[in-house]
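Summary of structural features
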There are 2 protein chains.
Amino acid sequence: MKKSVTAGIDIGGTKIALALENPAGERVASRRVPTQADLGPDRVLSNIHRALEEMLAETQTEPVAVGLVSPGPIDIERGLVLSPTNLPNWDEFPIVELVEKKLGVPVIFDNDANAAALGEYFEGAGRGFRDIFYVTISTGIGGAIILDGQLYHGVGAGAGEFGHSIVDPDGIICGCGTRGCLETIASGRNIARRTREKLARSDGNSLICQLVAGPDEITTQAVVEAVRANDPVATEVWNETVFYLAVGIGNAITILAPEAVVIGGGVTAVGDLLFEPLGKQITKNVNNAPIEKIKILKASLGSQSGVFGALRMARQGLQKRGVHFDANRIIGV
Amino acid sequence: MKKSVTAGIDIGGTKIALALENPAGERVASRRVPTQADLGPDRVLSNIHRALEEMLAETQTEPVAVGLVSPGPIDIERGLVLSPTNLPNWDEFPIVELVEKKLGVPVIFDNDANAAALGEYFEGAGRGFRDIFYVTISTGIGGAIILDGQLYHGVGAGAGEFGHSIVDPDGIICGCGTRGCLETIASGRNIARRTREKLARSDGNSLICQLVAGPDEITTQAVVEAVRANDPVATEVWNETVFYLAVGIGNAITILAPEAVVIGGGVTAVGDLLFEPLGKQITKNVNNAPIEKIKILKASLGSQSGVFGALRMARQGLQKRGVHFDANRIIGV
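Throughout what follows, the structure given in this document is the object of discussion. (Residues numbered from 1 in each chain as written. Chains lettered and ligands numbered in written order. Predicted model: local features only at pLDDT ≥ 70, side-chain atom pairs only at ≥ 80, totals over all residues. Heavy atoms only, no water.)

Residue-level contacts link 41 residues of chain A with 41 residues of chain B. Of the roughly 3,300 Å² buried where chain A meets chain B, counting both sides, 61% is carbon and sulfur surface. It is Tyr152(A), Val155(A) and Ile255(A) in chain A that bury the most area against chain B; as a group they hold 21% of the surface buried on that side. At the surface where chain A touches chain B, the tally comes to zero salt bridges. On the surface where chain A and chain B come into contact, there are 20 residue pairs in polar contact (both at pLDDT 80 or more). Among the secondary structure elements, those contributing two or more residues to the side of chain A that touches chain B are strand 8 (131–137), strand 9 (141–147), helix 8 (232–256) and helix 9 (272–285) of chain A. Looking at the side of chain A that touches chain B, the element that brings in the most residues is helix 8 of chain A, giving eight residues. Residue composition of the side of chain A that touches chain B, grouped by class: 23 nonpolar, 13 polar and five charged. (Contact = heavy atoms within 4.5 Å. Buried area = accessible area lost by both parts, 1.4 Å probe. Salt bridge = Lys/Arg side-chain N within 4 Å of Asp/Glu carboxyl O. Polar contact = N/O pair within 3.5 Å; in protein donor to acceptor, adjacent residues only side chain to side chain. Helix = DSSP H or I, 4+ residues; strand = E, 2+ residues; numbered from the N terminus. Nonpolar A, V, L, I, M, F, W, Y, C, P; charged D, E, K, R; others polar.)

Think of an α-helix as turning once every 3.6 residues; residues three or four places apart then point the same way. All names here are of chain A. Between its terminal C-alpha atoms helix 10 (residues 305–320) stretches 22 Å, which fits the 22 Å expected from 16 residues at 1.5 Å a residue. Burial analysis of helix 10 places 13 of its 16 residues in the buried class, the great majority of the element. Positioned one or two residues after helix 10, glycine 322 has a phi angle of 75°, which is positive. (Expected span 1.5 Å × (residues − 1). Buried < 20%, exposed > 50% of the residue type's maximum accessible area, 1.4 Å probe, protein only.)

We now examine the pairing of strand 9 of chain A. Residues and elements named next belong to chain A. Of all seven residues in strand 9, seven are buried; the element is thus mostly enclosed. Sheet analysis places strand 8 next to strand 9, joined by seven bridges and oriented antiparallel. Note that in strand 9 the partner of valine 135 across the bridge is glycine 143. With antiparallel pairing between neighbouring strands as the criterion, strand 8 and strand 9 make up a hairpin whose turn holds three residues. In terms of strand pairing, strand 9 meets strand 10 (residues 150–151) through two bridges, oriented antiparallel. Looking at the pairing, leucine 147 lines up with glutamine 150 of strand 10. Where strand 9 folds back on strand 10, the antiparallel hairpin that results is connected by two residues, among which aspartate 148 adopts a positive phi of roughly 50°. (Pairing = 2+ DSSP bridges.)

Further remarks concern the relation of the copies chain A and chain B. When chain A is fitted onto chain B, the two copies agree to an RMSD of 0.0 Å after a turn of 180° and an axial shift of 0.0 Å. Both chain copies can therefore be described as sitting about a two-fold axis. Here 100% of the interface residues in chain A have copies in chain B that are interface residues too; the copies meet face to matching face. (Least-squares fit on C-alpha atoms with pLDDT ≥ 70 in both.)

With that settled, the discussion passes to the sheet that holds strand 7 (residues 107–111) of chain A. Residue and element names in this part refer to chain A. With respect to topology, five strands assemble into an open sheet ordered 3-2-1-4-7, the strand pairing being mixed. Taken across any chain shown, the strands that pair with only one partner, and hence form the sheet edges, are strand 3 (27–34) and strand 7. Strand after strand, the sheet turns through a mean of 20° between neighbouring axes, direction not considered. As paired elements, strand 2 (residues 15–21) and strand 3 share seven bridges and run antiparallel to each other. Among the inter-strand pairings, alanine 19 is bridged to a residue of strand 3, identified as serine 30. Together, strand 1 (3–11), strand 4 (61–70) and strand 7 form the strand contacts of helix 2 (residues 95–103), whose direction differs from that of strand 7 by roughly 150°. Each of strand 3, strand 4 and strand 7 touches helix 3 (residues 112–123); the most contacted strand, strand 7, lies at about 105° to it. (Axes fitted to C-alpha atoms, helices over the stretch in contact; angles between N-to-C directions.)

Residue and element names in this part refer to chain A. Overall, mixed pairing links the five strands, which are arranged 10-9-8-11-12 in an open sheet. Across the chains shown, the open sheet's two edge strands, defined by having one partner strand only, are strand 10 and strand 12 (295–298). With respect to the sheet, helix 3 is in contact with strand 8, strand 9, strand 10 and strand 11 (260–264), its orientation differing from that of strand 9 by roughly 50°.

All right, on to the packing of helix 8 of chain A against helix 8 (residues 232–256) of chain B then. Closest axis-to-axis distance for the helix 8 of chain A/helix 8 of chain B pair is 11 Å, and the angle between their directions is 80°. The orientation of helix 8 of chain A with respect to helix 8 of chain B, classified from their angle, is roughly perpendicular. Residue-level contacts link Asn251(A), Ala252(A), Ile255(A) and Leu256(A) of helix 8 of chain A to Asn251(B), Ala252(B), Ile255(B) and Leu256(B) of helix 8 of chain B. Looking at the contact of helix 8 of chain A with helix 8 of chain B residue by residue, the classes come out as six nonpolar, two polar and no charged. (Parallel < 35°, antiparallel > 145°, perpendicular 65-115°, else oblique.)

Once that is clear, we can look at the packing of helix 1 (residues 41–59) of chain B against helix 2 (residues 95–103) of chain B. Each pair of packed helices gets described by two things: the angle between the helix axes and the distance between those axes. All names here are of chain B. Interaxial distance between helix 1 and helix 2 falls to 12 Å at its minimum, and their mutual angle equals 35°. Classified by chirality, the crossing of helix 2 by helix 1 is right-handed. Contact with helix 1, carried on its side by Leu45, His49, Leu52 and Glu53, involves Ile95, Leu98, Val99, Lys102 and Leu103 of helix 2 and no other residues of that element. (Left-handed = near helix turned anticlockwise from the far one by under 90°.)

Treat this as a map of the structure, not an account of what it does.
Structure representation (structure tokens):
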């Protein structure tokens, strides 16, 4: 008889991460395959199914529930991927229905920021806290709220859209239509844009110009390398980035007073150069919530957070359905 | 035999509101007495006890739990009133211990914004929603979060300090030490301050000068009356007020996506002149949370919200202790 597992699937812009977990919470298999998003949603779906079938065959297991994660925007209630930047031509793609039909088990669906938050909460930097606010800073900026082990989704699953909180009412218009969203300043894409704009107005002697092939090649990493060498343009960009991140994160703390803020995403790879000034500035900005009791932490799972979260979603989905799935009670559903 | 009731006590800057509720949820008595805050905490405490004793004697009841509400800042865990502006010389006053000793029943303690939110949630504008964000705009600005009928307190009971979220990073320093808090712009006190400052720079022909005796007498009501008469200075002050309130409330919605935002406090007495432009501006500011599903509502209980919330706190406190207190089971604890 095949053993029961939960499956986690995290669809990223370039890779799909998959994992299987047994009732004891052990990963019995994990894999990463190319997304091939440019070949359309049907191809991505067949990539998922092929990888999953191989993993199930190799481990002699069968899934009882699937946690499925996609970049946003998604429609959780209807199980649709709407039109993520990273997944072109996915307009309202009914991914949940298709995976459920193929596998015949419940599929729990959520966006990447929410799944990563859940992963960090149970297995990463967020372990041991009751309530956390999760922030991801990469190409864009996202957020998620976990209260007592459960994602707080809000109405229409709209909570946690932290990248679109206004931190500069006099700022530029965001792609979302709002003026001065945090994302227009502090996302990886906008760190690069602001650097380009400042370089265009500078004397052209910035170190950044030597570090990258051209203005379109500017990355957060290049900016940060120039900051470490005391380049004035890079330092100005970076100080502004930290300043506005601290406004946004400070505001979230002032409203939520979570036990911890866990910050993940590509931009956090710079480490102390981000976290040291950010922590100081947040402390300056928060004078009402008890900031001394609130930890500001770097996410610790890296690109694993999403698939770990997906596995947790599958497990929580079974719990909500009243299905026992633990080490002492292996079930075939 | 005396019948059991819960008692609600809401200590305000000028009045104390008290009420008794029977197990069926009916108010069997309510009263308002002067706080006499200037005579010190002991006098306030004896005012509370005298009024309560009279109410209990008249109704032939005895309390099984008390919900007690004070202006902030308070220390919920230790049951202390710290140093509210409205209650001078209350530094770390151990009110919970003293009331518990006197009455011999559990006292559930919270601040005025949290209690008002709870009142509005169960009996006012917030009825029927699952999660609400409550905002109070009066002398200061406060906030509270209610999720599924329970106050969300956050770590150190620090959640909901909405008045101190940053809406203008280039603004003035708040009393709390942070630059650009919403309260520095949109509280009643700061609406008056900004009006005074703008009048000092104007030609002195503003209608406001005719409506009040002097600069120190400026009120939100006077500003609003001048707005209705198209006074330019008043209109500028009011438009800014609405603009920044919409930034702050919009940000809270973007993070929380509550089903409703309920707005109370003295400044809301102006009605449509606030709510119409505020609703439009919030809709402009929120492009990610599903704003069309989120109601922006005026609080409906007025000065009753706090004492109604206090009664609910008492009831929830009994529930948490596993005590049954309902219409079918009258108990003497």
